[in-house]
There are 2 protein chains.
Amino acid sequence: MAQESSQVAPRYLTGDKAGLREFLDKFDVFLFDCDGLSPVLALSAFPPRGVLWSGDLLFPGTVETLELLRNNGKQVVFVTNNSTKSRADYRKKLEGLGIPSTVEEIFSSSYSSSIYISRILQLPENKRKVYVIGETGIEQELRSENVPFIGGTDPAYRRDVTPEDYKKIAAGDESLLDPEVGVVLVGLDFHMNYLKIALAYHYIKRGAVFLATNIDSTLPNSGTLFPGAGSMSAPLIMMLNKEPVALGKPSQAMMDSIEGKFKFDRSRACMVGDRANTDIRFGLEGKLGGTLGVLTGVASKEEFVSGDYRPHAYLDKLSDLLDSE
Amino acid sequence: MAQESSQVAPRYLTGDKAGLREFLDKFDVFLFDCDGLSPVLALSAFPPRGVLWSGDLLFPGTVETLELLRNNGKQVVFVTNNSTKSRADYRKKLEGLGIPSTVEEIFSSSYSSSIYISRILQLPENKRKVYVIGETGIEQELRSENVPFIGGTDPAYRRDVTPEDYKKIAAGDESLLDPEVGVVLVGLDFHMNYLKIALAYHYIKRGAVFLATNIDSTLPNSGTLFPGAGSMSAPLIMMLNKEPVALGKPSQAMMDSIEGKFKFDRSRACMVGDRANTDIRFGLEGKLGGTLGVLTGVASKEEFVSGDYRPHAYLDKLSDLLDSE
């Protein structure tokens with residue numbers, strides 16, 4: 001199955017025992033998209049959406065399918081753009097859904113960002129601090145990689161801007177602008193405010209690298225949409241006329257981080273997802289050996305078969321993989 | 001001087017007494033750009049910038065020039081994109097700078113927005129309320145046009161988002177989403193937060209008109225730049241994939257509002273400004289009889305003479321108009 005198979009029709013594998021077995025044999029690593037829509041939306045206007053689950057509802061056969069893969073020696077990786085949770089938080093979420101997992105199997109955009117900063121970015125000695133816009137998930141992952149940071153959930157930043165702030169920022173006062181900051185990392189922050197955006201702008205103008213955990217403009221919650229991490233970057237993108245390096249799907253910076261962590265052979269890895277323009281695209285542009293679409297989510301069969309980002313194969317639902325046995 | 005003179009070389013009028021007199025005689029109304037940069041910036045890295053003043057520094061001859069125009073029966077209008085101040089606030093600012101003016105001569109983007117909502121938008125009877133993101137200047141001007149509004153400086157909106165909020169917003173709970181809101185008006189808000197953006201998003205998704213006082217991405221203060229009104233709209237633009245109708249320069253919605261207020265003959269009006277791509281463009285696209293550039297601000301002589309937006313005439317400084325006498 002060549003990389004350019006995105007331009008040929010994907011193979012429909014549901015019920016095709018030999019085809020399923022052949023497909024599974026090609027890969028050692030399976031990356032799973034974990035960003036589905038939430039259940040209220042799913043149960044009202046739309047059918048359930050996701051790969052492994054939808055909202056709080058686990059799809060039947062999910063646990064068994066993951067077990068099958070693990071029993072066959074496959075590495076399973078849960079990939080999520082959610083930056084507000086650490087890997088440990090996310091493992092608890094999976095456990096709550098009934099999915100056994102280890103922290104090592106989880107790859108979130110907050111962790112991806114931390115890996116990128118600690119292992120890929122080459123920061124000068126005196127510019128290693130990160131100014132964070134975001135919640136505790138980012139902070140936990142930066143700590144796990146021993147990356148120093150300021151901002152984030154620090155209550156000192158949860159306040160109104162004052163006339164003094166303007167003058168101090170204009171003067172480059174070190175009580176507000178830490179000279180060791182070399183990176184601005186922007187994730188979803190439920191406490192975003194004017195001061196935080198102003199500081200991020202000035203750090204970047206002074207030379208800091210502009211990173212975003214992910215740039216999803218919206219965040220599903222309670223069956224509808226709310227501002228996502230991309231909405232936190234939006235004012236900065238407009239002010240700076242500059243895009244951040246994004247560490248979530250479909251950005252290849254995330255794939256580089258995953259590779260940096262797992263050291264896998266890309267030709268022996270497969271991305272599994274329900275969305276063509278994020279998940280499947282992520283795998284195709286990352287030149288993975290395979291991409292597998294499932295029809296329990298956003299993309300329709302038509303999108304997989306004749307859209308811009310076509311998976312190598314697709315299934316009605318993930319648990320159809322169980323028929324390979 | 002025809003409208004298409006933007007494509008011919010502008011006339012340089014400094015020191016040209018006959019030319020100045022001829023130019024002034026063509027117009028009954030002069031619109032002045034009032035959005036200069038602040039003095040610290042002006043005095044450090046850059047020369048002073050503005051039309052009438054720069055920061056707290058009035059250019060010599062400004063008061064006399066305005067007097068000359070008024071004495072010759074010209075209507076003077078001060079045009080500003082600043083939405084945080086009402087016209088009354090702005091008159092005080094002008095007074096503080098030493099410029100005599102009346103509230104009637106002032107046209108701010110907050111007033112422009114109010115006029116647009118009350119006199120130009122045709123809202124259904126039960127959708128006349130405005131949800132405001134912004135400060136007191138907007139509220140004062142909406143009141144002056146008897147436009148009902150919610151949001152703005154109301155402390156009830158200056159709080160963190162709660163789990164209850166998500167559920168209520170998803171359910172369309174009227175305690176959070178007023179069914180009479182038919183317009184979302186976004187201006188500069190020093191107290192922007194997650195809840196305010198989430199509510200604006202949901203009002204617009206439910207059909208409200210998306211307006212912005214102006215979309216300047218930055219705001220000059222203390223000699224440097226801070227997030228401007230455009231930065232408040234940026235998350236919404238990204239989430240909705242939709243631009244607001246902007247009521248500040250160079251949007252023609254502002255020109256329509258000015259015309260709605262002053263009922264002037266556009267062919268007898270002249271826009272005076274220092275920036276080609278906002279001020280001069282505003283006048284050219286508004287098909288005003290004239291545009292006059294001054295070199296005490298952002299644009300260089302080269303930009304006026306051979307740029308994309310060329311004024312009909314230009315001067316070294318505004319007070320060169322005094323030589324017409």
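All values derive from a computational prediction rather than experimental measurement. (Residues numbered from 1 in each chain as written. Chains lettered and ligands numbered in written order. Predicted model: local features only at pLDDT ≥ 70, side-chain atom pairs only at ≥ 80, totals over all residues. Heavy atoms only, no water.)

Draft legend 1. Local environment of the overall build of chain A. Within chain A, the regular secondary structure consists of 12 helices and 16 strands. Its C-alpha atoms give chain A a radius of gyration of 21 Å, within 12% of the compact-globule value 20 Å for 325 residues. Residues counted as buried form 59% of the 325 residues belonging to chain A. Of the contacts made within chain A by residues no fewer than 6 positions apart, 68% connect residues no fewer than 24 positions apart. Carbon and sulfur atoms form 49% of the exposed surface of chain A, whose accessible area is close to 12500 Å². The positive charge centre, built from 36 side chains, and the negative charge centre, built from 43, are 2 Å apart in chain A. (Helix = DSSP H or I, 4+ residues; strand = E, 2+ residues; numbered from the N terminus. Rg over C-alpha atoms; globule rule 2.2 N^0.38 Å. Buried < 20%, exposed > 50% of the residue type's maximum accessible area, 1.4 Å probe, protein only. Contact = heavy atoms within 4.5 Å. Areas by Shrake-Rupley, 256 points an atom, 1.4 Å probe, with all protein chains shown as cover. Lys, Arg positive; Asp, Glu negative; His and termini not counted. Charge placed at Lys NZ, Arg CZ, Asp CG, Glu CD.)

Draft legend 2. Representation of the sheet that holds strand S15 (residues 290–294) of chain B in the model. All names here are of chain B. Strand order in this open sheet of 7 strands is S1-S16-S15-S14-S2-S5-S6, and the pairing throughout is parallel. Strands with a single pairing partner mark the edges of an open sheet, and in this sheet they are strand S1 (11–12) and strand S6 (106–108). Relative to strand S16 (residues 313–315), S1 runs parallel, the two being bridged by 2 bridges. From the neighbouring strand, Tyr12 faces S16, where its bridge partner is Tyr314. Packing of helix H4 (residues 87–97) onto the sheet brings it into contact with strand S5 (75–80) and S6, and relative to S6 it is tilted by some 120°. (Pairing = 2+ DSSP bridges. Axes fitted to C-alpha atoms, helices over the stretch in contact; angles between N-to-C directions.)

Draft legend 3. Seen up close, the UniProt feature "binding site: substrate" (unreviewed entry) in chain A. Residues and elements named next belong to chain A. Mapped onto this numbering, the UniProt entry gives "binding site: substrate" (unreviewed entry) at Lys249. Within the secondary structure, Lys249 is located in the loop between strand S13 (245–246) and helix H10 (252–262). In this structure, Lys249 is in contact with Asp33, Cys34, Asp35, Val79, Asn81, Met254, Met271, Arg275, Asp279 and Phe282, ignoring residues within four places of it in sequence. Within the local environment of Lys249, its side chain forms a polar contact with the side chain of Asp33, the two groups lying 2.4 Å apart. (UniProt positions renumbered as here; feature names shortened; annotations may be inferred. Polar contact = N/O pair within 3.5 Å; in protein donor to acceptor, adjacent residues only side chain to side chain.)

Draft legend 4. Focus on the interface of chain B and chain A. With 34 residues of chain B at the interface, the matching set in chain A holds 34 residues. Carbon and sulfur atoms supply 72% of the area that chain B and chain A bury against each other, a total of about 3000 Å² over both sides. Between chain B and chain A we count 0 salt bridges in total. Elements that contribute at least two residues to the side of chain B that touches chain A include exactly helix H7 (163–170), helix H8 (194–205), strand S11 (218–221), strand S12 (224–227) and helix H9 (229–240) of chain B. Among the elements that line the side of chain B that touches chain A, the one with the most residues is H9 of chain B, at 8 residues. Partitioning the side of chain B that touches chain A into residue classes produces 21 nonpolar, 10 polar and 3 charged. (Buried area = accessible area lost by both parts, 1.4 Å probe. Salt bridge = Lys/Arg side-chain N within 4 Å of Asp/Glu carboxyl O. Nonpolar A, V, L, I, M, F, W, Y, C, P; charged D, E, K, R; others polar.)

Draft legend 5. Local environment of the nonpolar core. Core analysis: the largest hydrophobic core is formed by 64 residues, its most contacted members being Tyr131, Leu199 and Tyr203 of chain A together with Tyr131, Leu199 and Tyr203 of chain B. Dropping the residues within four chain positions of it, Leu199 of chain B is found in contact with Tyr131, Tyr157, Ile169, Leu176 and Leu177 of chain B. (Core = buried A, V, L, I, M, F, W, Y, C linked by side-chain atoms within 4.5 Å.)

Draft legend 6. Here's a closer look at the domain arrangement of chain A. Domain boundaries in chain A define domain 1 (11–81 + 250–324) and domain 2 (124–246). With centres defined by C-alpha atoms, the gap from domain 1 of chain A to domain 2 of chain A works out at 32 Å. (Domains from an automatic or database assignment.)

Draft legend 7. Up close: the pattern of salt bridges. In total, this model carries 44 salt bridges over all chains according to the counting rule given. In this structure, Lys196 of chain A and Asp189 of chain A form a salt bridge, with 2.8 Å as the shortest nitrogen-oxygen distance. Judged by relative accessible area, which is 1%, Lys196 of chain A ranks as buried. Residue Asp189 of chain A is classed as buried on the basis of its relative accessible area of 0%. In this structure, Asp178 of chain B engages Lys129 of chain B in a salt bridge whose closest nitrogen and oxygen atoms are separated by 2.7 Å. Remark: Lys129 of chain B occurs in strand S7 (residues 129–133) and Asp178 of chain B occurs in the loop between H7 and strand S9 (181–186); sequence separation between them is 49 residues. Like Asp178 of chain B, the residue Lys129 of chain B is buried in the burial classification. The network of salt bridges with common partners includes Asp33, Lys249, Asp274, Arg275 and Asp279 of chain A.

Draft legend 8. The arrangement of the UniProt feature "binding site: Mg(2+)" (unreviewed entry) in chain A in detail. Residue and element names in this part refer to chain A. With numbering matched to this structure, UniProt assigns "binding site: Mg(2+)" (unreviewed entry) to Asp33, Asp35 and Asp274. For this annotated set, covering 242 residues, all C-alpha atoms fall within 9.2 Å of each other, a compact arrangement in space. Leaving out residues up to four positions away in the same chain, Asp35 has contacts with Val79, Thr80, Asn81, Asn82, Tyr90, Lys249 and Arg275. Positionally, Asp274 belongs in the loop between strand S14 (269–273) and helix H11 (276–285).

Draft legend 9. Molecular detail of the relation of the copies chain B and chain A. The two copies are related by a screw motion: chain B maps onto chain A through a turn of 180° and a shift of 0.0 Å along the axis, at an RMSD of 0.0 Å. Taken together, the rotation and translation relating the two chain copies correspond to the operation of a two-fold axis. Taken together, the interface assignments show that 100% of the residues at the interface of chain B recur at the interface of chain A, consistent with an identical surface on both copies. (Least-squares fit on C-alpha atoms with pLDDT ≥ 70 in both.)

Draft legend 10. Here's a closer look at H7 of chain B. Looking only at H7 of chain B, the buried set comprises Asp165, Tyr166 and Ile169 of chain B. Seen end-on, H7 of chain B carries its buried residues on one side only, within an arc spanning 100°. Projecting away from the buried face of H7 of chain B at angles above 90 degrees are the exposed residues Pro163 and Lys167 of chain B. Considering only its buried residues, H7 of chain B is in contact with strand S11 (218–221) and strand S12 (224–227) of chain A together with H8 of chain B. Positioned one or two residues after H7 of chain B, Gly172 of chain B has a phi angle of 70°, which is positive. (Arc of directions from axis to C-beta.)

Draft legend 11. Representation of the sheet that holds S13 of chain A. All names here are of chain A. Taken in spatial order, the 5 strands line up as S8-S7-S9-S10-S13 in an open sheet, and their pairing is parallel. Pairing within the sheet leaves two strands with one partner each, and these edge strands are strand S8 (149–151) and S13. In this sheet, S8 lies alongside strand S7 (residues 129–133) in parallel orientation, the contact comprising 3 bridges. Bridge pairing links Tyr131 to Ile150 in S8.

Draft legend 12. Examining the packing of helix H10 (residues 252–262) of chain B against helix H11 (residues 276–285) of chain B more closely. Residues and elements named next belong to chain B. The geometry of H10 relative to H11 is characterised by a closest axis approach of 10 Å and an angle of 65° between their N-to-C directions. Of the two possible hands of crossing, H10 and H11 adopt the one that is right-handed. Each of Gln252, Met254, Met255 and Ile258 in H10 lies in contact with H11, whose residues at this interface are Arg281, Phe282, Gly283 and Glu285. Taken together, the residues of the contact of H10 with H11 break down into 4 nonpolar, 2 polar and 2 charged. (Left-handed = near helix turned anticlockwise from the far one by under 90°.)

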